[in-house]
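Understanding the architecture of this molecule
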Amino acid sequence: EAAGRVAAEALANGIPALVSDRGGLPEMVEGAGTVLPAEGPDALARWGQALEALADDTHWQAASARAQAVAPRWRSRQQGPLYAEWFGGLLRL
C-alpha cells in the first residue's frame, strides 16, 4: 500500500505520524509527520530517536498541533469533490 489510511487517521486524531520515505507517505503527512528512512545503516537508530523525541511533552504538543493542522485535507468533505472531479473527467473521455 503506497499511502495507507493509517497515517491520515493518525493526523486526524492529532497523533504525530512516523512514516517511511517510501510511496506516498511523505506527501500524505505534509511536514506534519516525521519522514524516516526505510533502509540504511542508521535507519533503526533514527526511528528510535524520532519515537523517543515524542515522549517529550513539548515536542509531542507541537507535533500534535501540526498533525491537526494538516488533518482537514484528508476529511471526506475535502477529498470527495476531488475524487468526483477526477472520476468525472474519466467519464468525459
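Heads up: these notes are all about the structure in this document.

Conventions we followed
Residues numbered from 1 in each chain as written. Predicted model: local features only at pLDDT ≥ 70, side-chain atom pairs only at ≥ 80, totals over all residues. Heavy atoms only, no water. Helix = DSSP H or I, 4+ residues; strand = E, 2+ residues; numbered from the N terminus. Rg over C-alpha atoms; globule rule 2.2 N^0.38 Å. Buried < 20%, exposed > 50% of the residue type's maximum accessible area, 1.4 Å probe, protein only. Contact = heavy atoms within 4.5 Å. Areas by Shrake-Rupley, 256 points an atom, 1.4 Å probe, with all protein chains shown as cover. Lys, Arg positive; Asp, Glu negative; His and termini not counted. Charge placed at Lys NZ, Arg CZ, Asp CG, Glu CD. Core = buried A, V, L, I, M, F, W, Y, C linked by side-chain atoms within 4.5 Å. 1 Å grid on protein atoms, 1.4 Å probe; cavity = no way out; pocket = protein on both sides within 12 Å on 5 of 7 lines; lining within 4 Å. Points joined across faces, edges and corners; volume = space filled by probe spheres on them. Nonpolar A, V, L, I, M, F, W, Y, C, P; charged D, E, K, R; others polar. Salt bridge = Lys/Arg side-chain N within 4 Å of Asp/Glu carboxyl O.

Moving on: the overall build of the chain. For the chain, the count of helices and strands is five helices and two strands. Ordered by position from N to C terminus, the α and β elements of the chain give α-β-α-β-α-α-α. Taken against the 2.2 N^0.38 rule, which gives 12 Å for 93 residues, the C-alpha radius of gyration of the chain at 16 Å runs more than 25% over that of a compact globule. Expressed as lengths along the three principal axes of its C-alpha atoms, the size of the chain is roughly 50 × 30 × 15 Å. When each of the 93 residues of the chain is scored for burial, the buried share is 31%. Across the chain, the fraction of contacts at a sequence separation of at least 24, relative to all contacts at a separation of at least 6, is 43%. Of the roughly 6300 Å² that the chain leaves accessible, carbon and sulfur atoms contribute 56%. Positive and negative charge centroids in the chain, built from 8 and 11 side chains respectively, lie 10 Å apart.

With that out of the way, let us pick up the nonpolar core. In summary, soluble globular proteins display a tendency toward joint burial of nonpolar side chains. One finds Ala-7, Leu-11, Val-19, Val-29 and Trp-74 to be the most contacted residues of the largest nonpolar core, which totals 14 residues. For this core, the secondary structure elements donating two or more residues are α1 (5-12), α2 (25-29) and α4 (57-70). For this core, the element with the most residues is α1, which contributes four residues. For Val-29, the residues in contact, after removing those within four places along its chain, are Ala-7, Leu-11, Ala-17, Val-19, Val-35 and Val-70.

Attention shifts here to the layout of surface pockets. Taken as a whole, the largest pocket spans an internal volume of roughly 230 Å³. If you go around the largest pocket, the residues you meet are Ala-3, Gly-4, Arg-5, Met-28, Trp-74, Gln-79, Leu-82, Tyr-83 and Trp-86. By residue class, the composition of the lining of the largest pocket is six nonpolar, two polar and one charged.

Our next topic: the environment of Glu-85. Mapped onto the fold, Glu-85 is located in helix α5 (residues 76-92). Along the primary structure Glu-85 and Gln-61 are separated by 24 residues, whereas in three dimensions their C-alpha atoms are 36 Å apart.

A few words on the pattern of salt bridges. Counted according to the given criterion, the structure contains three salt bridges. Its salt-bridge partner being Arg-73, residue Glu-30 comes within 2.9 Å of it at the nearest N-O pair. Of this pair, Glu-30 sits in the loop between α2 and β2 (34-36) while Arg-73 sits in the loop between α4 and α5; the two residues are 43 residues apart in sequence, bridging distant segments of the chain. The structure contains a network of salt bridges with shared partners spanning Asp-21, Arg-22 and Glu-39.

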